[in-house]
Structures are given as structure tokens and as C-alpha cells.
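# Observations on the three-dimensional arrangement
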Amino acid sequence: MFSELTGIELLHIAQRLAPVILLGLFWSWESWAAFKPFDRRLRYRHAFHNLLLAVLNVLFIGLLFGTAVEFMSQWSQEHNWGLLHQLLLGTIWKSILAVVLLDAWMYCWHRLNHRIPLFWRFHRMHHSDPHMDVSTATRFHWGELAFSTLFRLLLIPLLGLESWQIILYGLLVYFSTQFHHANISLGRLDPLLRWLFVTPDMHKIHHSRLHREFNSNYSTVFSCWDRLARTYQMRPHLETIDFGLPDYDDPHWQSLLGMWKTPFSSPPPQPDPDHRKSPPD
């Protein structure tokens with residue numbers, strides 16, 4: 001059956017199946033060898049809220065943007081717009097360059113989410129999770145996803161991206177984000193792997209509640225962007241990291257309603273753990 005499908009059709013199937021398969025894979029890994037112990041009952045409740053939010057986000061963003069990404073990529077191709085359409089490169093090299101450029105943009109976008117007050121209001125919901133595990137990889141506010149999609153629609157004609165290149169990079173993002181949010185550790189393999197890729201130990205630093213740590217390690221797939229931009233940071237004793245944001249420790253903020261309200265509500269500020277100023281509201 002699969003032999004009769006085109007490459008783009010196979011990518012679309014992979015795009016639908018990958019999030020569920022990878023979630024099951026890393027959930028099983030966490031269950032077998034968790035880096036930080038997590039009460040089972042709380043773990044299920046935590047995952048339920050995060051995954052319910054993710055399902056609602058998929059429905060909302062799909063309703064809001066529909067086939068806009070596909071339309072923009074086709075328009076760019078038909079009108080020969082964008083950087084990649086101007087380069088005399090083969091398909092493989094164009095695909096590699098597309099992935100590299102998209103990942104560079106993701107670094108910039110992530111960093112902007114920490115630096116621009118309006119974007120931080122939405123992104124802080126992702127950081128307010130006090131129990132980082134694979135379900136945290138799905139925990140994003142619909143407002144952040146809407147902004148991200150709008151910027152990507154502008155990026156498509158600028159770079160000349162084809163829809164299948166966007167799907168291919170999306171699959172890498174699914175794997176990478178679920179991998180480095182998972183409550184796991186690779187032990188001695190992690191330092192070797194993170195010379196090229198973002199790893200669980202590297203991303204744990206980014207979810208620390210310490211200001212100097214969560215404003216570092218912004219990369220999504222390739223770790224080189226943090227090294228080049230000098231935002232790379234590591235430290236020993238990762239088991240002592242406290243996840244979350246001090247202002248959002250109340251259990252209310254971990255409910256579905258609380259997560260939705262996070263960008264629009266500012267609780268009384270709590271003392272910053274490293275006595276530094278938090279990102280602006």
C-alpha cells in the first residue's frame with residue numbers, strides 16, 4: 001500500500017503519526033528510567049492537562065490558518081520567489097539548507113519570545129510548567145502558536161520554502177522537542193551528542209526557574225546556534241534544578257483555564273530565586 005503513495009503523501013502520514021508515536025516512546029522511556037521521580041497520579045493529571053491543551057490548539061490553529069502554509073509555499077514556487085528558488089542546487093542540498101535556515105529562524109524566534117514583552121506573555125505559559133516531561137513539549141499557548149504561524153507565512157516566500165521541506169523540518173522538531181523535554185538523561189552520551197544536537201540535559205537548563213539559566217539554550221534541533229550566539233550554558237548537578245516560574249507556583253495556573261489565562265493575568269511577583277529581574281511583562 002505504501003509503495004503506491006508519493007513522497008509528499010508519506011510525509012503527510014508521518015506528520016500525523018509522529019507526534020503520537022514519539023509521545024508513546026518517550027513516555028515509556030520516562031516510565032522505565034525517569035531522571036527526576038514524579039508521583040504517578042500527579043504525572044497523569046499533569047500530562048492530561050498538557051495534552052488536552054495540545055489537542056485544542058491543533059483544532060484552533062487548523063481552523064484559523066487551514067491550508068495557508070500550503071498555499072504560500074505553492075505561490076512562492078509558482079512565482080519563483082525566495083532564496084532557495086534562486087540557488088542552483090540539487091534537491092538534497094536545497095533540503096539541507098532549508099532545514100538549517102528554518103532551525104536558525106527557530107532560534108531567533110525562541111529568543112524573541114524571551115526578549116519581547118508581548119511574546120513573553122504567551123511563551124511564559126510553556127515555562128510555568130513545574131514538572132518538565134515529554135508532555136511539556138506540547139504545552140504552548142494558542143496565541144504563541146498563532147504568532148509563530150504568521151511569521152512562518154512571511155518566511156516561506158522570503159526563503160522560497162516548499163511545503164514538503166516544512167513538513168520534513170516539522171518532523172525533526174517533533175522528535176527533538178519531545179526528546180529534549182522528556183524526563184530522561186543520556187548520562188555520559190549527552191555531552192557528546194550536544195555538540196551537534198539539543199539534548200535533554202541541555203534543555204533542562206532552559207527550563208530552570210533561575211533567570212540566568214532560562215535565558216539560555218534557545219536552540220531547537222541543532223545546538224550550534226547557542227554556541228555561535230554565546231547563549232549556551234551548562235552546569236553540574238542537574239538533578240537540583242527547579243522547573244517552572246516563581247510567579248506561577250499556585251496549582252490554579254496548571255489547570256486548563258489557568259494556562260489559557262496566563263498571558264492575560266499577572267499574579268503578584270514572587271522573589272526571583274537568583275535575585276535578578278524577571279523578563280518584562
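Residues numbered from 1 in each chain as written. Predicted model: local features only at pLDDT ≥ 70, side-chain atom pairs only at ≥ 80, totals over all residues. Heavy atoms only, no water.

## Some points on a nonpolar patch on the surface
Where nonpolar side chains cluster on the molecular surface, the patch consists of Phe60, Leu64, Trp142, Leu257, Trp260 and Phe264 and spans about 590 Å² of accessible area. If you list the elements that add at least two residues to the nonpolar patch, you get α2 (40–65) and α13 (256–261). You can call Trp260 partly exposed: its relative accessible area is 32%. (Patch = residues over 30% accessible without salt bridge, like charges linked within 9 Å, V, L, I, M, F, W, Y side chains within 5 Å. Areas by Shrake-Rupley, 256 points an atom, 1.4 Å probe, with all protein chains shown as cover. Salt bridge = Lys/Arg side-chain N within 4 Å of Asp/Glu carboxyl O. Helix = DSSP H or I, 4+ residues; strand = E, 2+ residues; numbered from the N terminus. Buried < 20%, exposed > 50% of the residue type's maximum accessible area, 1.4 Å probe, protein only.)

## A word on the nonpolar core
Counting 25 residues, the largest nonpolar core has Phe65, Leu161 and Tyr169 as its most contacted members. The element contributing the most residues to this core is helix α5 (residues 91–115), with 7 residues. When residues no more than four places from it in sequence are discounted, the contact partners of Leu161 are Ser73, Ser76, Leu84, Ala98, Leu102, Leu155, Ile156 and Ile166. Among the nonpolar cores identified, the runner-up in size contains 14 residues, and Leu11, Ala47, Ile167 and Ala182 belong to it. (Core = buried A, V, L, I, M, F, W, Y, C linked by side-chain atoms within 4.5 Å. Contact = heavy atoms within 4.5 Å.)

## A word on the confidence of the model for the protein chain
Per-residue pLDDT for the protein chain has a mean of 91; in total, 93% of the residues score no lower than 70. Below a pLDDT of 50 lies the segment residues 275–281, which in the model reaches 17 contacts outside its immediate sequence neighbourhood of four places, other chains included. (pLDDT = per-residue confidence, 0-100.)

## Section: the UniProt feature "domain: Fatty acid hydroxylase" (unreviewed entry) in the protein chain
According to UniProt, the positions carrying the feature "domain: Fatty acid hydroxylase" (unreviewed entry) are residues 96–231. The span residues 96–231 shows a helical share of 66% and a strand share of 0%, and its end C-alpha atoms are spaced 24 Å apart. (UniProt positions renumbered as here; feature names shortened; annotations may be inferred.)

## Examining the environment of Arg235
Structurally, Arg235 is set in the loop between α12 (224–229) and α13. With 22 residues separating them in the primary sequence, Arg235 and Glu213 have C-alpha atoms 9.5 Å apart. When near neighbours in sequence (up to four residues on either side) are disregarded, Arg235 contacts Ile205, Glu213, Thr240 and Ile241. Of note is the side chain of Arg235, whose polar atom sits 2.6 Å from the side chain of Glu213. Looking at Arg235, its side chain comes within polar contact range of the main-chain oxygen of His237, at 3.4 Å. (Polar contact = N/O pair within 3.5 Å; in protein donor to acceptor, adjacent residues only side chain to side chain.)

## Focus: the side chain of Ser76
As for its position among the elements, Ser76 is in helix α3 (residues 68–78). By relative accessible area, which is 0% here, Ser76 ends up buried. Only 2.9 Å separates the side chain of Ser76 from the backbone oxygen of Trp81, close enough to count as a polar contact. Once residues within four sequence positions are removed from consideration, Ser76 is found in contact with Trp81, His85, Ile156, Pro157, Gly160 and Leu161.

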